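Residue strings, one per chain:
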Amino acid sequence: MSSHAPIQSPKAAVDSLAAILGGALPGSLASADDPAAALLHDDGVARAVASRLRRAGSGGGDDGLCGWLYDAFQSSVPALKLAVLRFVPTLAGVYMSRAVSRKPLAGFEAVILALYMHAVAQRGSSAEEPETVALPNLANPSVYHAAAAAASKTAKAAEPEVAVLSPALEPHGTVRATRRARIVGAVLELYHGKLALMPFSSKMDFCEFCVAWSGKHNSSNDKPRVASAPAPAAEGVEEKWRRVPLPWELFQPALRIVGHCLLGPNNSDELKTQATRAAQCLYLRATETMDARAVLACRSLIRLSQMVEEPIPEPSFSEAVQANMAELEAMRANILSAKN
Amino acid sequence: MAAAAEWENGSDAGPNGDSAMFASPVKARARAPESEAGTSAVTASESSEARVDDGNIQEAESSLREGLSLNYEEARALLGRLEYQRGNVEAALRVFDGIDLQAAIQRFQPSLSEKTSSKRNNKLRSDSSNSGSQHAASLVLEAIYLKSMSLHKLGKPMEAAQQCKSVLDAVESIFQRGIPDVMVEQKLQETVSKSVELLPELWKQAGAYQESLASYRRALLSQWNLDDECCRRIQKRFAVFLLYGGVEASPPSLASQTEGSFVPKNNLEEAILLLMILLKKWYLGKTHWDPSVMEHLTFALSLCGETSVLAKHLEEVLPGIYPRTERWYSLALCYSAASDNEAALNLLKKSLNRNETPNDINALLLAAKICSSDYFLASEGVEYARRAVTNAESSDGHFKSVALHFVGSCLANKSKISSSDHQRSLLQAEALKSLSEALSLDRHNPDLIFDMGVEYAEQRNMHAALKCAKQFIDSTGGSVAKGWRLLSLVLSAQQRYSEAEVVTDAALDETTKWEQGHLLRIRAKLKVAQSLPMEAVEAYRTLLALVQAQRKTYGSVKNGKEEADKVSEFEVWQGLANLYASLSYWRDADVCLQKAKALKTYSATTLHAEGDMHEVRAQTHDALAAYLNALSTEVDHVPSKVSIGALLSKQGPKYLPVARSFLSDALRLEPTNRTAWFFLGQVHKHDGRLADAADCFQAASMLEESDPVESLRHL
C-alpha cells in the first residue's frame with residue numbers, strides 16, 4: 001500500500017477511482033461540482049464500490065480498491081476521509097466474515113489498520129486510558145437540576161462513579177486474530193462518531209451485516225418474513241456471510257450503531273425496519289450465552305422500536321377562540337364576499 | 001406603544017386578560033361594515049376559500065383594521081390564525097408573510113422594559129398597560145409561531161426553524177430578565193413553551209444537528225418558565241438525540257455552569273444525567289410515567305456495563321408499573337451482569353416459584369446460566385435448564401439449543417463433584433448427549449463445540465476432543481485464545497508435544513504481548529514434559545518477565561476481573577520451584593519457594609512442594625507435617641492427599657488402610673489422577689489383593705498416556 005502516494009484532492013481521488021473501477025462508475029461523477037460530496041452521497045458510486053468490495057477474492061494485498069481507500073483516507077481532505085468511512089460497514093462486514101475462514105486479506109487489513117490508527121491518534125495522549133463515562137449522582141446539583149438543600153451541606157460530595165465505555169487502544173502494526181474484534185470495534189466507534197454525516201445506504205449495509213454476523217437470521221421465527229424469501233434469488237452468486245465471533249468489544253459498538261439506525265433523527269422507515277431486524281438478531285445471539293448486559297441492551301432497543309414517538313404538540317386554540325370562530329368566520333366571509 | 005394604546009382604546013378591555021382579547025373582535029363586529037352576515041355568506045366564504053389571494057388578504061386585513069381598530073400586524077395575525085385553524089396552511093402562510101416581527105417587537109419592547117424597571121413604583125398601572133401590550137405581543141408572536149408550524153407542515157423545516165427561532169429571540173429581547181412566573185399572560189406563555197419545544201425538532205428535521213443541540217440546551221438552560229410536562233418532553237427528546245444522534249457534541253459551555261455542579265463531559269454522560277433527572281421527577285410525582293425513559297437508561301447503562309446503578313433505578317420504580325416477575329427478571333439481569341450471581345439467583349427463584357411464572361423461559365435460562373458457573377449449583381442448574389428445554393419445545397430451535405447447552409454444562413459440572421464412579425460416568429454420558437443434541441439444533445455455535453471438546457478431553461476421549469478443538473479454531477478464525485489453549489493441551493495429552501508447541505507458537509503469534517501469559521505457561525510445561533529443563537527454565541523466565549512487567553504497569557489499577565485473566569507471579573515461582581526440585585537443585589528450588597511464599601503465605605501448593613522436598617531428602621516426618629498443613633489450608637487439596645497416601649503406603653503394613661483411604665479420597669475428587677491410581681495399586685499389592693492392584697495399575701498406565709500438561713480447568 002505504501003507505494004501509493006496519498007491522494008491530495010477530491011478530483012484526483014475520483015480519477016484514480018475511475019481508473020480502478022472503469023465502467024462501473026457512473027459518468028456523472030466526473031462532472032460533479034463537488035467530487036468529494038459525490039463520492040460520499042452518490043448511490044451509483046456506493047453500489048459500484050460496495051459490490052467490488054463484496055466480490056469473491058477481494059481484499060487481497062493487491063486489491064487496487066483497498067489501495068484507493070487507504071490512499072484516500074491518508075489524504076488531508078476531511079471530505080475524502082468521510083467518503084472512506086462511508087464504506088466501513090461493507091469493509092468490516094466482509095472482512096470479519098472472511099477472516100473467520102482465515103483467508104489472506106492484507107488489503108482489507110491495511111485499510112482497517114489505517115482507520116484504527118486514526119482512531120488511536122484521535123484519542124491522542126489518552127489512547128492508553130479507557131474512554132470513560134462519569135455517572136451523575138443526583139444528590140449533587142448539575143447543570144440541569146438543583147440538588148435538594150439537604151444534600152449541599154454534606155461536604156463530601158460523592159465522587160461520581162466512573163464506567164468504561166471503550167477500553168484503551170493500543171497501537172497495532174498487524175491484525176492479530178485475538179485482537180481483531182477490538183480493532184474492528186474501534187473502527188466502528190470511529191464510524192459511530194460520524195454517523196450523522198453518513199448516507200442512508202451505508203447504514204443499511206451495516207444493519208445487513210449485523211444480521212449476518214449474528215448467525216441468527218435463519219431462526220425459524222424469522223421465516224415468515226418476506227425479506228428473507230427473495231434474498232437467495234436476488235443475491236444468487238453472492239457469498240453467504242458467515243457468523244462471526246462477537247465478543248463485547250465488537251458487540252457493543254455494533255449495537256450503538258444499530259441504536260442510531262433505529263432511533264436516530266430523520267431515519268427512513270426502511271432503515272428502521274432493517275435496524276429492528278438487526279436488533280432482534282443480536283438479541284437472539286445475546287441469549288445464546290445469556291450475557292446479561294447484551295440481553296438488557298438489545299431488549300431495550302427492541303422495546304423502544306415498538307413504542308410510538310410522542311408527537312410535537314399542536315397549537316391549541318383556547319375555548320374563547322372556539323366560541324368566536326363562527327363569528328370571525330362570518331366576518332371573514334363578509335369581507336371576502338363584499339369584494340366579489 | 002401607540003399600537004398598544006390604540007388596542008386598549010378600541011376594545012374596552014378590562015385589565016384581566018384572555019376573555020377581553022377574544023371578546024373584542026366580536027363586539028367590534030357590530031361596527032364592521034356590511035354586517036348582514038347569514039348562511040349565504042358562509043357558503044360564499046367556502047367557495048372563495050380556494051382562491052384566497054394576496055388581494056383578498058389585503059382587503060380583509062384592511063377591513064379588520066378599520067373595523068376593530070387593530071394595527072396591521074394584529075389584523076394579519078388574527079386572520080392567519082383563522083386560516084391555520086381551518087387547515088388552510090398555505091393561505092395562513094401567505095397571511096403571516098406580511099407580518100414584520102421586528103417592527104412589532106420594537107413597539108412592544110419599551111413598554112415592557114419600562115414596566116420591569118418601574119414595577120415596584122406603580123404596580124397597578126403598569127399591570128394594566130402591560131397586559132395590553134402583552135395581548136398584542138402575544139398575538140403577533142403566536143402568529144409567527146403558527147407561521148413556523150405552517151412551514152413545518154409544508155415540509156420546509158429550515159425556514160420553519162428560522163421563524164421559530166425569531167419567536168424565541170423576540171421573547172428574549174422583550175423579557176430581558178427571563179419570563180416572570182406570574183406576570184405573563186397564559187396565551188403568551190403557551191406560545192413561548194410551544195416554540196421552545198418546537199425549535200430543536202425543526203433544526204433536527206432540517207438536518208442542522210449542531211443548531212438542534214444548541215437549541216435543546218437553550219430550552220433547558222434559559223428561563224422560559226416551562227411547565228413540568230413540557231420540560232419532560234424536551235429533556236427526553238434531548239436525551240434521545242444525544243444517545244442516538246450520531247453527532248459529536250461539545251459539552252455544555254462554561255457559562256451555564258455554577259460552581260460545584262456536575263457538568264457532563266460527553267453525549268452519553270449528558271444523556272444519562274437527563275434520563276436520571278426524568279426518572280426522579282417521576283418519583284416525585286411531577287410528571288407522567290414514560291416507559292421509554294427507563295428503556296433508554298437501560299440501553300445507556302448496559303453499554304457502559306453499569307448495571308448495578310441501573311438496578312438501583314429499577315428498584316426505585318414504584319409498584320404497579322412493571323409486573324413483579326418482570327421486574328425480578330430485569331433486576332436479575334442487572335445483578336448477573338454486575339457479577340452478583342447470588343442476588344440474581346435469589347430473584348430468579350422468586351420469579352420461578354410455582355405461584356409466579358414457573359415456566360418463563362428467559363428466567364429459566366438465566367438461572368441455568370448462573371448455576372452453570374458454580375459446581376455446587378450444578379444440580380439446581382440441571383433442573384432449571386431441563387425445565388427450559390421443556391418450555392422451549394413449542395418455540396423454535398434456538399432457545400431449545402441454548403437450554404440443552406446449559407443442561408450439558410451443568411451436568412458436566414455435576415459429574416465433577418459426584419461421589420460415585422458409576423454416577424459420574426452416567427452424568428458424563430448424559431452431558432455429552434445434551435451437548436450434541438444442542439449442536440444438532442445450532443450447527444454453527446462455536447461455544448457448543450468448545451464445551452464438547454473440553455468434555456471429551458475430561459473423559460479422556462482425546463481423539464474426539466482434538467476434532468472439536470480444531471473445529472472451534474476454524475469457526476472462530478483463531479480469534480479466541482482459549483481455543484488455542486485447548487488444542488495445545490489436547491495435543492499434549494496425546495503426547496504430541498512438538499505439535500503442541502507449534503500450536504502454542506502459532507497462538508503466541510496471534511496474541512498481543514500482555515495476553516500471552518497462559519500460553520507461555522503452557523509452553524514452559526510442555527518443555528518440562530519433554531524433559532528439556534534448560535528450555536523450560538528459559539520459558540519460565542520469559543513468563544516471569546511478562547508477569548512482573550504487568551504488575552508494574554497495572555499495579556495500581558488492578559481489579560478483580562483482570563486478575564482472573566492473568567497468570568500470577570506466585571504460580572510462576574511455584575512452577576519454577578517444582579522444576580528445580582525435579583532436577584534436584586534444592587537450593588534453587590528453595591529460593592523459588594520462598595519467593596512464592598512471600599507472595600502468598602498460606603498456600604496448599606507451596607506447602608505441598610515443601611513437603612515434596614522434605615520427602616526427597618528422606619525427612620519423612622517433616623514431609624508428612626507439611627502435607628498435613630497443606631491439607632488444613634485446603635481441605636480438598638488432591639496432590640497432598642495423594643502424597644500422604646503414597647508416603648504412608650511405604651511405611652509398612654499397619655499404615656496401609658490409612659493410605660488407602662487417603663488415596664481413594666483423592667480419586668473421588670480427581671478420578672483421572674494417575675499417581676493416585678498407581679499408589680492405590682501399590683497398597684492393594686502390599687495387602688495381597690493382586691487383581692485389584694492390577695486394575696489400578698492398568699488405570700494408571702492408561703491415564704499416563706492421556707494427561708494434558710495442565711488441568712483443563714484452567715481454560
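Worth saying up front: this structure is predicted, and the values here are computed from it rather than measured. (Residues numbered from 1 in each chain as written. Chains lettered and ligands numbered in written order. Predicted model: local features only at pLDDT ≥ 70, side-chain atom pairs only at ≥ 80, totals over all residues.)

## Focus: the overall build of chain B
Then comes step 1: When helices and strands are tallied, chain B shows 36 helices and zero strands.
Then comes step 2: Taken over 715 residues, chain B has a buried fraction of 50%. (Helix = DSSP H or I, 4+ residues; strand = E, 2+ residues; numbered from the N terminus. Buried ≥ 20, exposed ≤ 12 C-beta atoms within 10 Å, placed from the backbone.)

## Notes on the overall build of chain A
Then comes step 1: Along its length, chain A carries 15 helices and two strands.
Then comes step 2: Within chain A, residue pairs in contact and separated by at least 24 positions form 74% of the contacts whose partners lie at least 6 positions apart. (Contact = placed C-beta atoms within 7 Å.)

## With respect to the nonpolar core
Then comes step 1: Counting 275 residues, the largest nonpolar core has A:Val187 and A:Val258 as the members making the most contacts within it.
Then comes step 2: Sequence-distant contacts of A:Val258, defined by excluding residues within four places in its chain, comprise A:Cys207, A:Cys210, A:Ala275, A:Ala278, A:Ala279, A:Leu282 and A:Leu301.
Then comes step 3: Core analysis: the next-biggest nonpolar cluster, separate from the first, contains 22 residues, B:Ala604, B:Leu607, B:Ala623 and B:Phe662 among them. (Core = buried A, V, L, I, M, F, W, Y, C linked by C-beta atoms within 7 Å.)

## Concerning helix H33 (residues 638–649) of chain B
An α-helix turns once per 3.6 residues; consequently, residues spaced three or four apart project the same way.
Residues and elements named next belong to chain B.
Then comes step 1: The first and last C-alpha atoms of H33 sit 16 Å apart over 12 residues, in line with the 16 Å expected at 1.5 Å per residue.
Then comes step 2: Considered for burial, the residues of H33 that qualify are Pro639, Ser640, Lys641, Val642, Ser643, Ile644, Gly645, Ala646, Leu648 and Ser649.
Then comes step 3: Buried residues along H33 sit in contact with helix H31 (604–616), helix H32 (620–633), helix H34 (656–669) and helix H35 (674–686). (Expected span 1.5 Å × (residues − 1).)

## A few points about the packing of helix H22 (residues 446–458) of chain B against helix H24 (residues 481–493) of chain B
Residue and element names in this part refer to chain B.
Then comes step 1: It is the contact of H22 with H24, at a shortest axis distance of 11 Å, that shows an interaxial angle of 25 degrees. By the angle class used here, H22 and H24 are roughly parallel. Considering only the axes of H22 and H24, their crossing is left-handed. Residues Phe450, Gly453, Val454 and Ala457 of H22 pack against Gly483, Leu486, Val490 and Ala493 of H24.
Then comes step 2: Taken together, the residues of the contact of H22 with H24 break down into six nonpolar, two polar and no charged. (Axes fitted to C-alpha atoms, helices over the stretch in contact; angles between N-to-C directions. Parallel < 35°, antiparallel > 145°, perpendicular 65-115°, else oblique. Left-handed = near helix turned anticlockwise from the far one by under 90°. Nonpolar A, V, L, I, M, F, W, Y, C, P; charged D, E, K, R; others polar.)

## Some details on unusual backbone geometry
For residues other than glycine, phi is negative in most cases, and the peptide bonds are mostly trans.
Residues and elements named next belong to chain B.
Then comes step 1: With phi around 60 degrees, asparagine 225 is a residue other than glycine that occupies positive phi space.
Then comes step 2: With respect to the secondary-structure elements, asparagine 225 resides in the loop between helix H11 (209–221) and helix H12 (228–244).
Then comes step 3: By the C-beta count within 10 Å, which is 18 here, asparagine 225 ends up partly exposed.
Then comes step 4: The phi dihedral of glutamine 495 is positive, around 60 degrees, even though this residue is not glycine.

## Remarks on the domain arrangement of chain B
All names here are of chain B.
Then comes step 1: We note that the domain assignment places domain 1 (1–222), domain 2 (359–443), domain 3 (445–511) and domain 4 (518–590) within chain B.
Then comes step 2: Computed from C-alpha coordinates alone, the two centres of domain 2 and domain 3 are separated by 23 Å.
Then comes step 3: At the interface, 12 residues of domain 2 touch seven residues of domain 3.
Then comes step 4: When grouped by side-chain class, the residues that make up the side of domain 2 that touches domain 3 number six nonpolar, five polar and one charged. (Domains from an automatic or database assignment.)

## Re helix H9 (residues 180–193) of chain A
Residue and element names in this part refer to chain A.
Then comes step 1: Here H9 spans 20 Å end to end across 14 residues, near enough to the 20 Å set by a 1.5 Å rise per residue.
Then comes step 2: Among the 14 residues that make up H9, 11 are buried, leaving the element largely enclosed by the rest of the structure.
Then comes step 3: Regarding H9, the residues found buried are Arg180, Ala181, Arg182, Ile183, Val184, Gly185, Ala186, Val187, Leu188, Glu189 and Tyr191.

## Re the confidence of the model for chain A
Residue and element names in this part refer to chain A.
Then comes step 1: Overall, the prediction assigns chain A a mean pLDDT of 82, with 81% of residues at 70 or greater.
Then comes step 2: Predicted confidence for residues 150–155 stays below pLDDT 50, and this span has three contacts to residues more than four positions away or in other chains.
Then comes step 3: Taken as a whole, residues 220–237 scores under 50 in pLDDT and shows six contacts with residues more than four places along the chain or in a different chain. (pLDDT = per-residue confidence, 0-100.)

## Notes on the packing of helix H29 (residues 569–582) of chain B against H31(B)
To describe two helices that pack against each other, one gives the angle between their axes and the distance between the axes.
Residue and element names in this part refer to chain B.
Then comes step 1: Relative orientation of the contacting elements H29 and H31 amounts to 10 degrees, with a least axis distance of 11 Å. Our classification of the angle between H29 and H31 gives roughly parallel. Packed against H29, whose contacting residues are Gln574, Ala577, Asn578 and Ala581, the element H31 presents Thr605, Thr606, Ala609, Asp612 and Met613 at the interface.

## Considerations on the environment of B:Gln530
Residue and element names in this part refer to chain B.
Then comes step 1: In this structure, glutamine 530 sits in the loop between helix H26 (517–529) and helix H27 (533–554).
Then comes step 2: Taking the C-beta count within 10 Å as the criterion, glutamine 530 has 17 such neighbours and is therefore assigned partly exposed.
Then comes step 3: Residues glutamine 530 and glutamine 85, spaced 445 residues apart in sequence, show a C-alpha to C-alpha distance of 91 Å.

## Points about the confidence of the model for chain B
The predicted coordinates ought not to be read in detail in places where the model reports low pLDDT.
Residue and element names in this part refer to chain B.
Then comes step 1: A residue-level look at chain B finds 82% of positions with pLDDT of 70 or above and a mean pLDDT of 83.
Then comes step 2: A low-confidence stretch, residues 1–52 (pLDDT under 50), is modelled with 81 contacts involving residues beyond four sequence positions or located in other chains.
Then comes step 3: With pLDDT under 50 throughout, residues 556–562 is counted as low confidence; its partners more than four residues away or in other chains account for two contacts.

## What to know about the environment of A:Pro265
Then comes step 1: For A:Pro265, the location among the structural elements is in the loop between helix H12 (248–263) and helix H13 (269–289).
Then comes step 2: The spacing of A:Pro265 and A:Ala186 is 79 residues in sequence and 24 Å in space, taken between C-alpha atoms.
Then comes step 3: Once residues lying within four places of it in the same chain are set aside, the contact partners of A:Pro265 are B:Lys204, B:Phe241 and B:Gly245.

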